[in-house]
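Geometric and topological summary
Residue strings, one per chain:
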Amino acid sequence: MELWQGRFKKELDSKTNSFNSSISFDYRLFEQDITGSLAHTKMLAKQGIISEEDFSKIENALKEILEDIKIGKLKINENAEDIHTFIEEELTKKIGTAGKKLHTARSRNDQVALDIRMYLKEETIEIQKLVKQLQKVMLEMAEKHLDTVMPGYTHLQRAQPITFAHYLMAYLEMLSRDIERLSENYNRINVMPLGSCALAGTTHNIDREYTAKLLGFDSVTLNSLDGVSDRDFLIELSFNISMIMMHLSRLSEEIILYSSWEFKFIELDDSFSTGSSIMPQKKNPDIAELVRGKTGRTYGDLFTLLTMMKGLPLAYNKDMQEDKEAIFDSIDTVKICLNTLIPMLSTMKVLKNNMKKSAEKGFINATDCADYLTKKGVPFREAYKITGELVSYSIDNDKTLETLDISEYKQFCDKFDNDIYDEINLTTCVNKRNVIGGPAPEQVKKHMEKYK
Ligand code: ARG
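Residues numbered from 1 in each chain as written. Predicted model: local features only at pLDDT ≥ 70, side-chain atom pairs only at ≥ 80, totals over all residues. Heavy atoms only, no water.

Overview of the pairing of strand 2 (residues 157–163)
Relative to strand 2, strand 1 (residues 149–154) is paired through 6 bridges, and the arrangement is antiparallel. By the bridge assignment, Met150 is partnered in strand 2 with Ile162. Between the end of strand 1 and the start of strand 2, which pair antiparallel, lie 2 residues, with His155 showing a positive phi angle near 55 degrees. (Pairing = 2+ DSSP bridges. Helix = DSSP H or I, 4+ residues; strand = E, 2+ residues; numbered from the N terminus.)

Here it is as structure tokens:
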């Protein structure tokens, strides 16, 4: 039986009913829905809108319903229109007339806005916790690799020397911006919409601030049209999740590359790798690939939400029911990705020597060689050209800057002396990049302190 009795002479066509229904996904909100109703009804009683007697009947019955759903005693009826309808019906089945008073001074429009905000508040904190856990694992790894030299890349070409710790700390920065964004997002979710009712508030003497306080909201929405039709906070979360996923996807891409034979900088633990059904030698980074792949879903969810909202006139429209599957999918996706990446990273082996060997091969100390000449008075552009010629000569003669003789150096510029070898030593090159944000262990250590 639908809620909208009176006006209608027939029941809703059964296929249309299932098309219209959201219970297959909004059942997730049962706890928020009941908690919201408990606060609403307490407020109604305080204001004398319902009697204390009705309030205690409603309160007890709602608590029982909550418990019964939790323990599986009460099964959610898949034919109900939505979770709000289902719970109200159960309540009325239990206590009759008193149950019919719960929905005084409320509409499903402000009710669903409340439920989703309550749900997203919890989930935002959960996601933040997981991002922090990932940061922790990366920070612990960084501590062990302050001196682990590796090539830094631009265009995926070996560029300049960095350390593995410096590399990891780049992700800590990205992730802390993500955490910050979630906190700001949380503040905008944390506004209580109940009392907006269908769209135009109510003539009943309700106390919205009291309900907000009961439910742990910081403030109440200030326009009833906006209160029921605002989904900005939810779209913002979807964007923030997409951004986190974009970061995780970049990390995953590097895990995939770095665990290939071409790099071999890292080796994933067997428990986080998969094999091939035909090629016995294979050890595949499926987990990282899936994280990279699932990033696309969260972008899709974001566009679902933005597009769903773009043409909606004020205030509530049923289109908005579509918000739930998209945001639930984004939340589930980012959580499962973080939950899988965290143990994968903490069990991953770092192959320091391979990083070092690779760093030695790509002339990544060429800038340091040019800087050496600059410090001896050669203008940078000239020093750059001389070093370029040295690199070209080395490639032709199968040498590196480290293995050229001093006499060979001098053929290109007489400013070269024996101290060039120390200047282009990779450890020196890293240690001397001692500027704020640079890879020198001293700087990275300071940066790490900030996170501890
Ligand atoms: N299931 C609906 C939703 O998720 C609840 C609000 C329904 N309101 C209405 N007037 N039909 O959006």
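Here we look at the pattern of salt bridges
Scanning the entire structure with this criterion turns up 36 salt bridges. Shared partners join several salt bridges into a network, and the residues in it are Glu81, Asp82, Arg108 and Lys318. (Salt bridge = Lys/Arg side-chain N within 4 Å of Asp/Glu carboxyl O.)

Structural notes on the site of the ligand
Near the ligand, the surroundings consist of Ser22, Asp26, Asp82, His84, Arg108, Asn109, Val112, Tyr316, Gln321 and Lys324. The side chain of Asp82 places a nitrogen or oxygen atom 3.0 Å from a nitrogen atom of the ligand. In this structure, Gln321 approaches the ligand through a side-chain N or O atom, which is 2.8 Å from a nitrogen atom. When the ligand is considered free in solution it has 340 Å² of accessible area, and contact with the protein chains removes 86% of it. Top element by residues in the shell around the ligand is helix 6 (residues 108–144). It accounts for 3 residues. A per-class count over the shell around the ligand returns 2 nonpolar, 4 polar and 4 charged. (Near = heavy atom within 4 Å. Polar contact = N/O pair within 3.5 Å; in protein donor to acceptor, adjacent residues only side chain to side chain. Areas by Shrake-Rupley, 256 points an atom, 1.4 Å probe, with all protein chains shown as cover. Nonpolar A, V, L, I, M, F, W, Y, C, P; charged D, E, K, R; others polar.)

Description of unusual backbone geometry
Residues Leu314 and Ala315 are joined by a peptide bond in cis, for which omega reads 5 degrees. The phi angle at Cys197 is positive, at roughly 60 degrees, despite the residue not being glycine. Turning to its location among the elements, Cys197 is positioned in the loop between strand 3 (191–192) and helix 8 (208–214). The class of Cys197 is buried, set by a relative accessible area of 5%. Positive phi outside glycine occurs at Phe363, with the angle close to 55 degrees. For Phe363, the position within the fold is in the loop between helix 13 (352–361) and helix 14 (366–375). According to the relative accessible area criterion, Phe363 is buried, its value standing at 17%. (Buried < 20%, exposed > 50% of the residue type's maximum accessible area, 1.4 Å probe, protein only.)

Structural notes on helix 14
When we look at burial in helix 14, the residues that qualify are Ala366, Asp368, Cys369, Ala370, Tyr372 and Leu373. Its buried side turned inward, helix 14 meets strand 2, helix 15 (380–396), helix 16 (406–412), helix 17 (420–423) and helix 18 (426–431). Looking one or two residues past helix 14, Gly377 carries a phi angle of roughly 100 degrees, positive in sign. (Contact = heavy atoms within 4.5 Å.)

Regarding empty space enclosed by the protein
On inspection of all chains with the given rule, the structure shows 2 cavities of 30 Å³ or more. The computed volume of the largest cavity comes to approximately 70 Å³. Of all the secondary-structure elements, those providing two or more residues to the lining of the largest cavity are helix 7 (164–189) and helix 10 (232–258). Broken down by element, the lining of the largest cavity gets its largest block of residues, 4 residues, from helix 10. Taken as a whole, the second largest cavity holds about 40 Å³ of empty space. For the second largest cavity, the full set of lining residues is His40, Met43, Ala105, Leu194, Gly195, Ile206, Arg208 and Thr211. Residues of the lining of the second largest cavity, tallied by class, amount to 4 nonpolar, 3 polar and 1 charged. (1 Å grid on protein atoms, 1.4 Å probe; cavity = no way out; pocket = protein on both sides within 12 Å on 5 of 7 lines; lining within 4 Å. Points joined across faces, edges and corners; volume = space filled by probe spheres on them.)

Remember that the coordinates give geometry; whether it matters functionally is a separate question.
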